[in-house]
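Structure at a glance
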Amino acid sequence: MGVETAISWTDATWNVARGCTKVDEDCKYCYMYRESLNNTRYNPKAVERTKTVFNLPLRLKEPQRVFTSSLTDFFHEAIDPFRYECFDIIRRCPHLTFQLLTKRPERIHDALRNAYDEAHWYNLPELGNMMFDWKNGRMPKNVWLGTSIGSQSSIQRLFDLLSLAAPRDGGVYFLSLEPMHGEIILPLDEEVDFGPKVKDLLKWVIIGGESGNENGMYRYRPCRLEWIENLVDQCQTAGIAVFVKQLGTHIAKELGLKHRHGADPSEWPEHLRVQQFPV
Ligand code: SF4
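What you are looking at is a predicted structure, and each value in this text was computed from that prediction instead of being measured.

What follows covers helix 2 (residues 83–92). Most of helix 2 sits inside the fold, with seven of its ten residues counted as buried. Buried within helix 2 we find Arg83, Tyr84, Cys86, Phe87, Asp88, Ile89 and Ile90. Where helix 2 is buried, its residues touch strand 5 (96–102), helix 3 (108–121), helix 4 (125–135) and strand 6 (143–148).

Written as structure tokens, this is what we have:
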């Protein structure tokens, strides 16, 4: 729950809570549920606010990327009562870049509005100013906002996310396509409800195949090399930063890679060794 992380697209993780409820097939082999098998102190379905690590960003002095959160969903309804406190920590840490990733982007708009109301209720004027701007489409500069999609069937989440971007916002909106368990074609030329195309707003795409076991409760679903190749191609053609995180267990077996999850770029075909960040 602390700072150290093996996630290659971030520097640190910050968990404001632990526990979550599943959204759809994308959550089938959720990492947090898997971890709870080894740590029976936690009920994975019970969302509980963290204690010692809740204020962790306030202790991070060096600029770095902070993934929020790896053991819950930041926009889960159980976090509603104290999310304004999380936003206030984000406000107090302008030197950090918070990577907020959710499978519930349809809840973000109301969450921003509620945090704005709560800032007034608890007499926090600086938070109120930040939330006023944010709910009106001007995301704080130290926030990257993303959603997670595992197959084409959950692509609506991309449109829910991008509907939050204002035309001149310029903020980093991103997609995590991990664990990818079905082919995904990005609708880059489709328009978001207020006019711009997806490719004009989307700034970053993370790609990853699923890791898991051959048998048992936590297996991997196949991710195909050509799915990853097509996505890298789509992003590069559109000028969107792309980060291939891992190829997944299926491709690792197919290619006979030493890393069982296919997470060592030195073993990949050269054209897939792409790990960019948005500028
Ligand atoms: S939203 Fe994320 S943390 Fe929650 S169950 Fe799904 S995969 Fe797990």
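Next up on the list: the nonpolar core. Phe87, Leu100 and Ile228 are the most contacted members of the largest nonpolar core, which totals 74 residues. With sequence-adjacent residues up to four places away left out, phenylalanine 87 is seen in contact with Phe74, Phe75, Leu100, Ala111, Leu112, Ala115, Leu127, Met130, Met131 and Trp134. One finds Ile7, Phe174, Ala241 and Phe243 within the second-largest nonpolar core, a separate group that totals eleven residues.

With that settled, the discussion passes to the environment of arginine 224. With respect to the helices and strands, the residue arginine 224 is situated in the loop between strand 8 (202–209) and helix 7 (225–238). For the pair arginine 224 and glycine 182, spaced 42 residues apart in sequence, the C-alpha to C-alpha distance is 8.5 Å. Other than its neighbours up to four places away in sequence, arginine 224 contacts His250, Ile251 and Glu254.

Any empty space left between atoms is shown by rolling a water-sized probe over those atoms. Counted as a void, the second largest pocket has a volume near 250 Å³. Taken together, Met130, Asp133, Arg138, Met139, Pro140, Lys141, Val143, Trp144, Asp169, Gly170, Gly171 and Val172 make up the full set of residues lining the second largest pocket. Secondary structure elements with two or more residues in the lining of the second largest pocket: helix 4 and strand 6. Of the residues that constitute the lining of the second largest pocket, the class distribution is six nonpolar, two polar and four charged.

Conventions used here
- Along each chain, the written sequence defines residue order, and numbers are assigned to residues from 1.
- Side-chain atom pairs in this predicted model are given and counted only at pLDDT of 80 or more, local residue features only at pLDDT of at least 70, and totals for whole chains, interfaces and linings cover all residues.
- Each side-chain value is derived from all of the structure's non-hydrogen atoms; neither hydrogens nor water enter the calculation.
- Burial classification: accessible surface area is computed with a 1.4 Å probe over protein chains only, and a residue below 20% of its type maximum counts as buried, one above 50% as exposed, and the rest as partly exposed.
- Runs of E in the DSSP output that reach at least two residues are strands. Runs of H or I that reach at least four are helices, and both are numbered from the N terminus.
- We call two residues in contact whenever any of their non-hydrogen atoms come within 4.5 Å of each other.
- Only buried Ala, Val, Leu, Ile, Met, Phe, Trp, Tyr and Cys residues count toward a nonpolar core, and they belong to the same one when joined by side-chain atoms within 4.5 Å.
- Think of a 1 Å grid over just the protein atoms. A cavity is a set of points where a 1.4 Å probe fits yet cannot get out, a pocket is an open set with protein on both sides within 12 Å along at least five of seven lines, and lining residues have an atom within 4 Å of a point.
- Grid points are joined across faces, edges and corners, and a volume is the space filled by probe spheres set on the points.
- Classes in brief: Ala, Val, Leu, Ile, Met, Phe, Trp, Tyr, Cys and Pro nonpolar; Asp, Glu, Lys and Arg charged; the others, Gly included, polar.

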